[in-house]
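Descriptive analysis of the structure
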Amino acid sequence: MSKDTSGVSEHGATNVVDSAALDDLPTSWISNATKDLKGQSPVQLCSKTPDGIVVKPLYTAKDHAPQTEVPGEAPFTRGIRATMYTGRPWTIRQYAGFSTAQESNAFYRKNLASGQKGLSVAFDLATHRGYDSDHPRVVGDVGKAGVAIDSVEDMKILFNGIPLNEMSVSMTMNGAVIPTLAMFIVAGEEQGVDAAQLTGTIQNDILKEFMVRNTYIYPPEPSMRIVADIIEFTAEKMPRFNSISISGYHMQEAGASTVQELAFTLADGMEYVRSAKARGLDVDAFAPRLSFFFCIGMDFFMEVAKLRAARQLWSRIMTDMGAKDDRSKMLRTHCQTSGVSLTEQDPYNNIVRTAYEAMAAVLGGTQSLHTNAFDEAIALPTETSARVARNTQLILQHETGVTRTVDPLGGSHYVEALTEELVTAAWEQIEEIESLGGMTQAVLDGLPKRRIESAAATRQARVDNGSDVVVGVNRYRLEDNVSIDILEVDNTKVRAEQVTQLASIKASRDSAECEAALQKLTDVAESGKGNLLAAAVDAARARATLGEISSAMETVFGRYKASPESVSGVYGAHQAESPEFQMVKQKVDAFVNSKSRKPKLLVAKMGQDGHDRGAKVIASSFSDIGFQVDLSELFVTPEEVAQLCVEKNVDVVGISSLAGGHKSLIPALVQALADLDRPDIIVVCGGVIPEQDYDFLRDAGVAEIFGPGTPITEAAGAVLGRILGERRNR
């Protein structure tokens, strides 16, 4: 395969492909294909991925190197174990957590009894950002998108009846990783399980937070110190526990292309290895406990090849970084099916999407897998949808025959060629990052973030103009939306319970012992001597809360704030030929001519939700259409957004919601605008909002609601119409 960057092609391809792409194909096939196409060249059947990789209509042995590799041997392209699933299938590790520790514990125990093999804990956003549930900035976030954990007592309840010396536990935590892991260790101790017996994984991947996910707390430099302290602590005291899960998942969810996800994830891994080695740790003492986490989207064969390429590249990287032990060179990965591929429209299609993505992960050789529930584009999964998601994996394991042989797609001309192309393309991007001084410097420069946001805008434009087909969204749409049951968490009730328990813990603990432990943690942070996790474990034993432990370090490190920025020109360039785009742009131009100004939009996210793909895409695309667009900072309150609206004198404020806080945060914004005597500022919202909540939001004063999959041009036309006093027909 080859790369080319000229022209525009069919079949969803980015550009036209030069006829040289067919040079290695058999002349007899070209002749027959030309007949099938009634004299036209079969080059039109070639396409391109978003990364510029040419995909041909036929592959032969000439397209890849001879395949002589054996599974279980370096560079592990065909799998990290010789027997793979023929000896033991992958671990079914469903990611879940909501409401209180009691509710989540009951959910975990039921799932484990139904065939799930490992736990993967989802924490709420207040916990991620290092706030206790009683903090005023997290009123709308407690218990909404994960389980609220404020103390060791919460952690003990979360794992009540689940023996931590037997159960592997994965925890998706990065910002508040120190207090969370400390409380897990203490919960284990008080269950009678020593830290050395604990098995599982802590994500602890802060670099990708600064790129895409945004649940950071501290600036990059002290955050990297935290990563290294955890690697050091676990290498010495927790030999069965994975100290880091280097995550590409959130990159793809934020819009990264396949090559970007692959390259940036591995570059992150290189940075973490360097950080640990700088502590004087021998690479083979900690590298076998590093793990990875990839997203599996709908580009089936590309996802299979991505996992194979990742293993090959990581083996090369670790060899170059001095690893001698083969276990240090093995890329072990957890995978999760894509959340961004789920659609609100015709949601039962998501069951099919998830099944295909799960199959790709398995054929790619994942070690464990989470399958998303079909209703997660709308709300948290219900018990029914979670069962369907889990059974998707059980059916794969027991009914499809995929476990009968190792690497069943190994030797496929197409898959082998794709794997080689991804290795080459990702390595080029890794070398570029290395030339900047490594991923920490690249993150500070903003390069990965800009590249991913550009890819996200491109993807949105291609869906909106129909180049990329999404069934039920831009083609084969239902006339009427399907109504499904959803799970709703009573945020007010959960927060009240957490606040009551926090007060009880603070009243019953030894205050002097707790204060001394917290001061010791601050001293370790300030002096640079000692291990932060070790000090936090002592504080957790003294019943310091998650917020207090986070604050003890924040006193020294500070709390990081990113500058709001968005790319421009990308969406408009891909929509230049779209009649819908041109029509709404002409209406905006007419507004500018009549009003002598652009229509003004503020795009904001409230609460502690850091998922900003949607907000960035809206800001970028509306700007290309002709709006004057401002972006708020992340993690703002309704009152702060209202004040910004007044300062910017905007016509419309658009709220991007993903984490379920819309029913408390958006009405609070409407009230805050009224309190500032600006009820005329139009409030619209979009994102993951169940249709069942639309009437509530409209009654609260929301003018327009745009669900997932709404074309940008449609949304822009509706927003402009509201500014002009028009209404859409719903």
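Our structure's up above, just so we're on the same page.
Quick look at the structure, then. (Residues numbered from 1 in each chain as written. Predicted model: local features only at pLDDT ≥ 70, side-chain atom pairs only at ≥ 80, totals over all residues. Heavy atoms only, no water.)

What about a nonpolar patch on the surface?
A grouping of Met298, Tyr348, Ile351, Val352 and Tyr356 is seen on the molecular surface, where their side chains present a nonpolar patch of about 460 Å² in accessible area. Inspection of the secondary structure assignment puts Ile351 in helix α13 (residues 349–364). (Patch = residues over 30% accessible without salt bridge, like charges linked within 9 Å, V, L, I, M, F, W, Y side chains within 5 Å. Areas by Shrake-Rupley, 256 points an atom, 1.4 Å probe, with all protein chains shown as cover. Salt bridge = Lys/Arg side-chain N within 4 Å of Asp/Glu carboxyl O. Helix = DSSP H or I, 4+ residues; strand = E, 2+ residues; numbered from the N terminus.)

Here's the deal with the pattern of salt bridges
Taken as a whole and judged by the stated rule, the model has 39 salt bridges. Among the ionic pairs, Arg78 bridges to Asp407, the shortest N-O distance being 2.7 Å. Of this pair, Arg78 sits in the loop between β2 (54–55) and β3 (91–96) while Asp407 is found in the loop between α14 (383–399) and α15 (413–435), placing the two residues 329 residues apart along the sequence. For Arg78, a relative accessible area of 18% corresponds to the buried category. You can call Asp407 buried: its relative accessible area is 9%. (Buried < 20%, exposed > 50% of the residue type's maximum accessible area, 1.4 Å probe, protein only.)

Quick look at the pairing of strand β9 (residues 290–296)
Burial of β9 is extensive: seven of the seven residues sit out of reach of the surface. Burial of the side chains of β9 extends over both faces: Leu290, Phe292, Phe294 and Ile296 are buried on one face and Ser291, Phe293 and Cys295 on the other. Both strand β8 (residues 244–247) and β9 contribute to a ladder of four bridges, which runs parallel. Bridge pairing in β9 places Ile246 opposite Phe292. Judged from the five bridges that link them, β9 and strand β10 (residues 333–337) form a sheet pairing that is parallel. When the sheet's bridge partners are listed, Phe294 is paired in β10 with Cys335. (Pairing = 2+ DSSP bridges.)

What about the nonpolar core?
Grouped together as the largest cluster of nonpolar side chains are 77 residues, with contacts concentrated most on Leu266, Phe286, Trp314 and Met439. Those residues in contact with Trp314, other than ones at most four positions away along the chain, are Leu266, Gly269, Met270, Val273, Leu290, Phe292, Ser328, Lys329, Met330 and Leu331. (Core = buried A, V, L, I, M, F, W, Y, C linked by side-chain atoms within 4.5 Å. Contact = heavy atoms within 4.5 Å.)

Considering the packing of aromatic side chains
What the rule picks out here adds up to 17 aromatic pairs. Centre to centre, the rings of Tyr85 and Trp90 are 5.1 Å apart; their planes meet at 70 degrees, and the pair counts as edge-to-face. Both residues of the pair, Tyr85 and Trp90, belong to the buried class. Taken together, the ring pairs connect Tyr59, Phe300, Phe301 and Tyr414 into an aromatic cluster. In this arrangement the basic side chain of Arg129 is found over the ring face of Phe635, its NZ or CZ atom lying 3.4 Å from the centre. Cation over ring: Lys663 sits above Phe696, and NZ or CZ is 5.0 Å from the ring centre. (Phe/Tyr/Trp six-rings, centres within 6.5 Å; stacked < 30°, edge-to-face > 60°. Lys NZ or Arg CZ within 6 Å of the ring centre and 35° of its normal.)

Some words on the pairing of strand β13 (residues 628–631)
Residues in a regular strand project their side chains so that they alternate between the two faces of the sheet. Sheet topology note: the strand β12 (residues 600–604)/β13 ladder contains four bridges and is parallel. Along β13, the bridge assignment pairs Leu602 with Asp630.

Thoughts on the sheet that holds β12
Across the sheet, five strands lie side by side as β13-β12-β14-β15-β16; this open sheet has parallel pairing. Because the sheet does not close on itself, it has two edges, and the strands there are β13 and β16 (704–706). Geometrically, the sheet is characterised by an average inter-axis angle of 20 degrees between neighbouring strands, direction not taken into account. When strand β15 (residues 682–687) meets β16, the two strands line up parallel, connected through three bridges. Following the sheet pairing, Cys685 is matched in β16 by Ile705. Along the sheet, helix α24 (residues 613–625) contacts β12, β13 and β14 (652–657); its crossing angle with β13, the most-contacted strand, is approximately 160 degrees. Sheet contacts for helix α28 (residues 712–723): β14, β15 and β16; angle to β16, the most-contacted strand, approximately 170 degrees. (Axes fitted to C-alpha atoms, helices over the stretch in contact; angles between N-to-C directions.)

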